[in-house]
Amino acid sequence: MATAQAATPAVSGPPGRRQVLALLRRPSLAKLLVLALIAAVAVPVVQARWGGAAWPGALTVDLTAPLGEVNDWIVANRDSHPLFLYFFGHVSDAVVLSVRGVYLLLLALGWAGVTAVAAVVAWRAAGPRLALTAAVSFLVCGLLGMWVQTMQTLALMVVAVLASVALGVLLGLAAGLSDRTYRALRPVLDTMQVLPAFAYLLPVALVFGIGVPGAVLATVVYAAPPMARLTALGLRGADPGVMEAVTSLGATGRQRLLTARLPLARKELLLGLNQTIMMALSMAVIASVIGAGGLGDRVYQALSSVDVGAALAAGIPIVLLAVVLDRTTEAAGRRIGTEPTGPAALRGARGWGLAAVLVAVVAVVGRFTGGRIWPEGAIVAIAGPVNTAKEWMVDHIYTGVPVVGGTADWAAHFTSWILNPLRSGLQGLPWWSVLLIVAALAWTIGTWRTALTAVLAMAAIGVLGVWEPSMDTLGQVVAAVAVTLVLGFGIAIGAARSERFERLLRPLLDVFQTLPQFVYLIPVVALFGIGRAPAAAAAIVYALPAVIRITTQGLRGVDPAAMECARSLGATSGQQLRQVQLPLARPALLLAVNQGVVLVLAVVIIGALVGSGALGYLVVLGLAQGQLATGLVAGAAIVCLGLMLDRVTQPTTRTAPKES
Amino acid sequence: MARTPIRTRTRVLAAASSAAALLAVTGCGAADMTKQTSPFAAPAGIRTVTLSVQSWVGAQANVAVAQKLLEDELGYRVDLVQTDEVPAWDALSQGRVDAILEDWGHPDQEKLYVEDKKTIVRGGDLGVTGHIGWYVPKYWADEHPDVTDWKNLDTYADELRTPESGGKGQLMDGSPSYVTNDTALVKNLDLDYKVVFAGSEAAQITQIQQFAKEKKPFLSYWYQPQWLFNEVPMVEVKLPEYTEACAAKDPADIDCAYPTTPLQKYLNADFSQRGGEAADFLKKFNWTEDAQNEVSRMIASEKLTPQEAAERWIGKNPGVWKKWLRK
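A brief report on the enclosed structure follows.

Criteria and cut-off values
- Residues numbered from 1 in each chain as written.
- Chains lettered and ligands numbered in written order.
- Predicted model: local features only at pLDDT ≥ 70, side-chain atom pairs only at ≥ 80, totals over all residues.
- Heavy atoms only, no water.
- Pairing = 2+ DSSP bridges.
- Helix = DSSP H or I, 4+ residues; strand = E, 2+ residues; numbered from the N terminus.
- Buried < 20%, exposed > 50% of the residue type's maximum accessible area, 1.4 Å probe, protein only.
- Lys, Arg positive; Asp, Glu negative; His and termini not counted.
- Salt bridge = Lys/Arg side-chain N within 4 Å of Asp/Glu carboxyl O.
- Polar contact = N/O pair within 3.5 Å; in protein donor to acceptor, adjacent residues only side chain to side chain.
- Contact = heavy atoms within 4.5 Å.
- Buried area = accessible area lost by both parts, 1.4 Å probe.
- Nonpolar A, V, L, I, M, F, W, Y, C, P; charged D, E, K, R; others polar.

### Some remarks on the pairing of strand β4 (residues 120-137) of chain B
Residues and elements named next belong to chain B.
Now for step 1: Note that β4 and strand β9 (residues 260-268) share 7 bridges and pair antiparallel. The partner of G130 across the bridge, within β9, is T261.
Now for step 2: With 5 bridges joining them, β4 and strand β7 (residues 219-224) adopt antiparallel strand pairing. Opposite W134, over in β7, you have Y221 as the bridge partner.
Now for step 3: As paired strands, β4 and strand β8 (residues 234-237) are joined by 4 bridges and run antiparallel to one another. Bridge assignment links V136 to a residue of β8, and that residue is V235.

### Looking at the side chain of E102 of chain B
Residues and elements named next belong to chain B.
Now for step 1: The topology assignment puts E102 in strand β3 (residues 99-103).
Now for step 2: Put simply, E102 is tucked away with no salt bridge, and the nearest opposite charge, on K265, sits 11 Å away.
Now for step 3: For E102, the side chain forms a polar contact with the side chain of W56, separated by 2.8 Å.
Now for step 4: Side chain to side chain, E102 and Q292 meet in a polar contact 2.7 Å long.

### Let's talk about the interface of chain B and chain A
Now for step 1: With 71 residues of chain B at the contact, the number on the chain A side is 82 residues.
Now for step 2: Buried area between chain B and chain A, summed over both chains or domains, comes out near 6100 Å², and the portion from carbon and sulfur atoms is 57%.
Now for step 3: If you sort the residues of chain B by the area they bury against chain A, P39, F40 and Q82 of chain B come out on top, with a joint share of 12%.
Now for step 4: Remark: the boundary between chain B and chain A carries 2 salt bridges.
Now for step 5: The shortest N-O distance in the salt bridge between R532 of chain A and E164 of chain B comes to 3.0 Å.
Now for step 6: Residue contributions to the side of chain B that touches chain A peak at 10 residues, all from helix α1 (residues 3-26) of chain B.
Now for step 7: Classifying every residue of the side of chain B that touches chain A gives 34 nonpolar, 22 polar and 15 charged.

### What to know about the pattern of salt bridges
Residues and elements named next belong to chain A.
Now for step 1: Overall, the coordinates contain 22 salt bridges over all chains when judged by the stated rule.
Now for step 2: Between R647 and D646 there is a salt bridge whose closest N-O contact spans 2.7 Å.
Now for step 3: Salt bridges sharing common partners tie together R327, D510 and R549.

Structure representation (structure tokens):
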């Protein structure tokens with residue numbers, strides 16, 4: 001579009017002037033010129049007053065004292081103040097009661113009963129193949145010796161997901177029916193999702209104490225936003241024709257909502273449920289840091305004795321739960337609106353009745369033959385072999401591999417050739433120039449609004465007094481994202497060309513997307529030593545699957561006619577890729593970049609556990625030492641970094657309405 | 001226009017119904033969060049004790065042995081809660097946890113909860129003495145005996161350089177939850193070193209094991225008692241002597257070694273009074289460093305579960321634990 005405008009011959013005057021004017025017509029160049037002008041005026045003043053590389057101390061606000069007071073007030077009043085006795089206390093009681101109820105129900109069903117319920121629900125919602133997957137997955141949880149832990153996590157998940165859905169639907173209804181609420185809610189939802197969970201574990205634990213209530217509420221904060229967003233999206237997207245018809249039939253407001261809007265939004269609602277479940281599961285391990293129990297607790301405890309095998313044994317059930325729940329809700333979403341198939345006896349209420357009878361029979365038989373808890377004899381210990389395999393791997397590729405060098409050498413080179421220069425570069429840049437660069441990047445691909453948001457986000461980091469660690473973190477994120485994109489695009493091009501390769505890749509991507517990151521912390525340290533390199537490795541492992549998936553889909557989705565046309569013109573496959581596929585898949589590639597950034601940023605805290613330092617370390621330090629201010633300020637800085645990176649990687653145009 | 005009534009109505013309806021549901025579930029009146037048990041605790045009628053476990057293996061060993069004895073000999077059910085140290089104190093004061101079995105000294109928390117609020121009481125010595133210090137591997141110290149004095153450390157800074165430590169030597173620190181003055185020490189003793197935080201004990205141990213496998217030199221913050229000494233023998237580096245006066249300084253000015261701490265047990269005040277046999281048992285629980293290390297090593301090196309390790313130790317040492325059960 002930019003080139004098309006520059007080519008319009010509407011400019012008159014002498015040649016030199018014409019060229020300048022033509023240049024000015026290019027929107028991005030014009031924006032840069034304006035920015036340069038502002039800089040030329042403002043920089044000398046700013047430099048004279050607050051020179052130097054780091055953010056000036058005079059422009060910071062120290063939140064330690066006020067947040068410390070909040071902390072002390074909570075500790076002093078927690079056992080006596082009405083706010084705690086009559087509000088938080090009841091919330092906490094309700095959570096404990098409901099988790100306990102679900103847990104006892106699961107235990108009462110016994111392992112046979114629970115497996116049967118899972119299989120039958122999966123069969124009714126998604127067909128026989130998923131029923132088999134569900135049954136096998138639950139049996140594997142038992143075989144790994146994690147039955148009780150799986151039930152604890154499941155009980156926690158059921159309550160957290162129900163609460164998230166309830167909250168999400170309420171917020172979504174409000175946002176779907178009122179434009180003003182919608183606008184007001186968006187930044188709140190953004191913050192809920194981007195603020196690292198570690199940063200609000202401390203305030204939650206401070207109010208509710210450690211244990212299940214705090215864990216469930218922290219999970220709800222994290223998992224409710226997708227439900228709210230998708231509910232609002234579904235309601236706002238209701239077919240105007242249908243709505244018109246319903247209104248003309250004289251339906252009241254509530255009738256319209258219940259009989260038309262909500263049923264029309266069923267697909268979005270189910271997708272919201274699916275997303276909420278996945279997010280809740282990813283919190284299962286993180287919440288164990290404040291004593292949630294269950295599988296997460298086992299992963300976390302295995303870490304302290306550096307036992308990868310044991311951590312994996314507890315991590316696999318999390319992956320299996322995630323896969324089963326994801327596939328089942330996804331398939332249920334796809335089936336909405338299609339005609340029921342199969343024999344008449346299995347349809348509708350009769351089918352569910354039959355299913356219930358089947359479950360009851362299996363549960364009773366299971367109780368009489370095998371008991372409630374998984375039999376101890378039927379446990380397969382995988383920890384030993386896994387640890388042996390890890391040792392072998394580390395022994396053979398850590399160092400001294402001919403030609404390519406070992407992992408330790410790569411880590412050292414990555415640190416000294418990429419991470420160190422990036423860090424010293426970013427920290428050495430004068431603070432105002434960082435703001436200018438951010439403004440330039442955000443403005444050239446977006447509007448002045450996006451640029452302003454990005455600059456304000458960066459400035460907020462300075463004001464919070466964490467400029468230096470933030471620049472350190474920024475450098476690490478940029479490096480990790482770059483590697484993720486190079487690897488991701490490379491693999492995705494391969495996957496887009498070969499169906500077989502993609503099929504082979506799929507389970508691997510599933511595992512890496514859902515495996516709790518805590519599980520691979522020890523292997524990355526064993527391979528890359530401590531420091532920023534292993535943290536980057538962990539981030540890459542976590543972000544790569546999403547980048548590969550989005551890119552593959554984008555490349556596959558390129559109009560076949562365009563490809564055919566290029567082929568008939570005799571383009572080589574390399575030319576096809578460079579000149580047709582990649583340019584046409586541009587939106588997907590940009591989304592992949594954006595997701596890469598978001599996901600890498602999500603691992604910043606986890607990276608701190610293997611020595612990445614900077615902001616992540618401050619958040620972990622805040623939680624471990626009970627310093628509310630340290631943790632929250634660093635968490636807020638991560639949110640600001642995320643906001644800024646989102647704005648400079650996500651093109652927005654003035655005309656396109658946001659998110660609708 | 002037509003939207004407004006719906007919105008208000010749904011909102012009021014939602015608020016009212018959720019409030020009603022909340023009250024129906026919990027009953028009216030005050031809800032005391034300090035009287036809540038874990039939802040995974042056993043049904044009523046069974047006596048339950050909740051113990052806090054910290055992330056290091058020594059703490060796991062204490063808890064595993066206590067758990068096994070409470071369950072097998074006294075008929076309790078034991079719940080474990082894993083948290084960092086400072087949040088654990090918080091949980092102890094609220095009654096979410098009944099006891100901490102190994103505390104390395106938290107003067108702020110002691111003052112707040114033991115002296116001012118009186119929600120936590122002292123439970124006596126664990127019998128194990130803890131000591132924090134700087135350590136180098138024995139294979140390296142054997143070659144260069146003078147490395148074990150801080151005054152000579154600068155000579156070896158070059159050998160300890162890593163990409164993370166820049167041009168200086170690397171002093172490796174562990175988890176952010178541990179007590180450390182290392183950044184201040186390096187500055188105040190004017191050493192050519194940089195403190196690199198491994199971020200977690202697991203990462204630190206993995207790195208030490210890796211260095212040991214290659215017989216590479218390293219300098220690390222570490223503590224005794226710790227099972228890793230059995231696998232990677234280490235020698236302590238002498239720091240300027242610990243004095244009360246030095247310890248009383250501002251944390252940024254500290255320039256002496258770490259103290260030697262007899263590790264302490266702490267009990268929730270209420271539990272201490274009404275905890276019956278379990279409270280008496282936990283107060284009497286007292287064993288040696290060797291005993292703790294034996295259990296720790298089984299957990300960490302032989303990869304037994306803490307329960308299995310505790311069972312083995314209990315089977316071999318009835319003379320030790322029978323004393324803890326006596327009235």
